[in-house]
Amino acid sequence: MSKDWNKSTKAVHAGTRRSQYGEVSEAIFMTQGFVYDSAEDAEARFESAGPDEFIYARYGNPTVAMFEERIAALEGAEDAFATASGMAAVNGAMMSILKAGDHVVSARALFGSCLYIAEEILPRFGVEVTLVDGADLSQWEAAIRPDTRAVFFESLSNPALELVDIEAVAKLAHAAGALVVCDNVFATPIYSKAVAQGVDLVIYSATKHIDGQGRALGGVILGSRDLIRKTIEPYMKHTGGSMSPFTAWIMLKGLETMRLRVRAQTDAAQKIAQELEGHAALKRVIYPGLPSHPQHALAMAQMGAGGTMLAIELKGGKEASYKFLNACKVGLISNNLGDAKTILTPPAFTTHQRLPQDQKDALGITPGLVRISVGLEDEVDLIEDFLQALSN
Ligand SMILES: *Cc1c(COP(=O)(O)O)cnc(C)c1O
């Protein structure tokens, strides 16, 4: 593979391993084991397996390796380890690099399961976690200490779409010798420059934009070859969070069309946000691509676009948001994101239902908030649908 290829070319060709049949579309190696030519061969492979030598699918598999190489090429990372889900990736990354006595600083605005790891699991194993407002650099500065081993954040938060200034936080973390772990799902690999911005471990839930068609759970951890193969892989391969070859094939095919999908979804999200901003029934429209977003300049510098997600807050609270949701005919009420189908959810009552009210308030998760994952439908139809549902 040429290092000079652009992202679109890499998304289609990087990592391809053709079998003796010369297939065009990648093969699914649906096998957990691999046969050795001799006993000596088996011994040698267990001692040291080459990049195209496999032992057991929990350790690695040709189809999974194709996905890992392709997403690493796209992300501009040296290497990747594919996982069974996004949460297997988050848990695996944190458990691989941390031990009892370590300190972690994490942004408070996290996906519910990520918050569970930070607040419940890590402290159980003697890791101290300090939660900060991720958008406030002074809080990161105050919380990071000499014994801080890692910082963790979502670069673009769910559902309030706040950004963390990756470069600035990475500088603070690295000065203290801490690793930077970034859940980059909302930014998508298309708008990510996370490695160049100083992230040591980039994490995606492949369930979202990488699949992009709502079919399978998956995840990936990306970073330097050293970190991935010497720190992440030993933990992952011995604890069972590896990706299935069938899932890897779905994700490989997803990568081929991801750029087209994400760009189309972003264009539509931008138009929808512009169209809905200022609507009489809305308190606000939250979209990083709007100049009214408090971190619009950072979003443009960090991602170069507003992304595929937006949120609207209805003036009439829960009653109004439910009325809106129930009146939408194109968008579906569900909780996945990055899908070809537009998906709507009221986070206060679904994804963030269990958060105490004071935390919901601090994160802007109000009863009137509706998160919108923009799909691939015609934006004219979507805008028309949202407007009729708002006028209900
Ligand atoms: C969905 C999601 C996850 C978890 O991914 P799964 O594939 O569902 O395990 C983690 N972080 C963010 C930001 C997500 O959106």
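Residues numbered from 1 in each chain as written. Predicted model: local features only at pLDDT ≥ 70, side-chain atom pairs only at ≥ 80, totals over all residues. Heavy atoms only, no water.

This part is about the pattern of salt bridges. Pairs may arise between side chains of opposite charge once their charged atoms sit close together. Counting across every chain of the model gives 19 salt bridges. Between K99 and D102 there is a salt bridge; the shortest N-O distance is 3.2 Å. Its relative accessible area of 7% is what places D102 among the buried residues. (Salt bridge = Lys/Arg side-chain N within 4 Å of Asp/Glu carboxyl O. Buried < 20%, exposed > 50% of the residue type's maximum accessible area, 1.4 Å probe, protein only.)

Sheet architecture is open: seven strands sit in the order β1-β7-β6-β5-β4-β2-β3, paired in mixed fashion. The strands lining the two open edges of the sheet, one partner per strand, are β1 (79-83) and β3 (128-132). Adjacent strand axes in the sheet meet at a mean angle of 20 degrees, parallel and antiparallel pairs treated alike. When β1 meets strand β7 (residues 219-223), the two strands line up antiparallel, connected through five bridges. Paired with D79 across the two strands is G223, which belongs to β7. Strands β1, β6 (201-205) and β7 of the sheet are contacted by helix α3 (residues 62-75), whose axis makes an angle of about 130 degrees with β1. The strands touched by helix α4 (residues 86-97) within the sheet are β1, β2 (103-107), β4 (148-154), β5 (179-183), β6 and β7, with β6 carrying the most contacts at an inclination of about 155 degrees. (Pairing = 2+ DSSP bridges. Helix = DSSP H or I, 4+ residues; strand = E, 2+ residues; numbered from the N terminus. Axes fitted to C-alpha atoms, helices over the stretch in contact; angles between N-to-C directions. Contact = heavy atoms within 4.5 Å.)

Time to look at unusual backbone geometry. That bond from N158 to P159 is cis: its omega, 0 degrees, falls within 30 degrees of zero. Relative to the assigned elements, P159 resides in the loop between β4 and α7 (166-175). Phi at L161 is positive, roughly 55 degrees, even though this residue is not glycine. Non-glycine residue T188 carries a positive phi angle of around 65 degrees. Looking at the element boundaries, T188 is found in helix α8 (residues 188-191). Its relative accessible area of 0% is what places T188 among the buried residues.

Moving on: the UniProt feature "modified residue: N6-(pyridoxal phosphate)lysine" (unreviewed entry) in the protein. The positions UniProt marks with the feature "modified residue: N6-(pyridoxal phosphate)lysine" (unreviewed entry) are K208. Of note, K208 is situated in the loop between β6 and β7. In this structure K208 touches F111, V185, N336, L337 and G338, once residues within four positions along its chain are discounted. (UniProt positions renumbered as here; feature names shortened; annotations may be inferred.)

Take the pairing of strand β9 (residues 309-314) next. Of all six residues making up β9, six are buried, and the element is well covered by its neighbours. Going residue by residue along β9, you find M309, A311 and E313 tucked away on one face and L310, I312 and L314 tucked away on the opposite face as well. Here strand β8 (residues 282-286) pairs with β9 via four bridges, running antiparallel. Along β9, the bridge assignment pairs I286 with A311. Looking at chain direction, β9 and strand β12 (residues 369-373) are connected through five bridges and run antiparallel. What sits directly across from E313, in β12, is L369.

Let us now look at the site of the ligand. As a matter of local geometry, the ligand sits amid 15 residues, with G86, D183, S205, T207 and K208 nearest to it. Measuring from an oxygen atom of the ligand, one finds a side-chain N or O atom of S205 at 2.8 Å. In this structure, an oxygen atom belonging to the ligand sits 2.6 Å away from a side-chain N or O atom of T207. Using a 2 Å cut-off from the grid points, one finds that the ligand occupies the second largest pocket. A breakdown of the residues in the shell around the ligand according to their chemical character gives seven nonpolar, five polar and three charged. (Near = heavy atom within 4 Å. Polar contact = N/O pair within 3.5 Å; in protein donor to acceptor, adjacent residues only side chain to side chain. 1 Å grid on protein atoms, 1.4 Å probe; cavity = no way out; pocket = protein on both sides within 12 Å on 5 of 7 lines; lining within 4 Å. Sits in = over half its atoms within 2 Å of the grid points. Nonpolar A, V, L, I, M, F, W, Y, C, P; charged D, E, K, R; others polar.)

The description of an aromatic ring pair rests on the distance of the ring centres and on the angle between the ring planes. One pass over the full model with this rule turns up seven aromatic pairs. For the pair F34 and F54, a centre-to-centre distance of 5.5 Å together with 35 degrees between the ring planes defines the contact as tilted. Taken as a pair, F34 in the loop between α1 (7-13) and α2 (39-47) and F54 in the loop between α2 and α3 lie far apart in primary sequence, 20 residues in all. Like F54, F34 is buried. Between F324 and F386, the aromatic rings sit 5.9 Å apart at their centres with planes inclined by 35 degrees, giving tilted as the arrangement. Placement of the pair is F324 in helix α12 (residues 317-327) and F386 in helix α14 (residues 379-390), with a sequence separation of 62 residues. Over the ring of Y59 we find K237; its NZ or CZ atom is 4.6 Å from the centre of that ring. The aromatic ring of F349 is capped on one face by K318, whose charged end is 4.4 Å from the ring centroid. (Phe/Tyr/Trp six-rings, centres within 6.5 Å; stacked < 30°, edge-to-face > 60°. Lys NZ or Arg CZ within 6 Å of the ring centre and 35° of its normal.)

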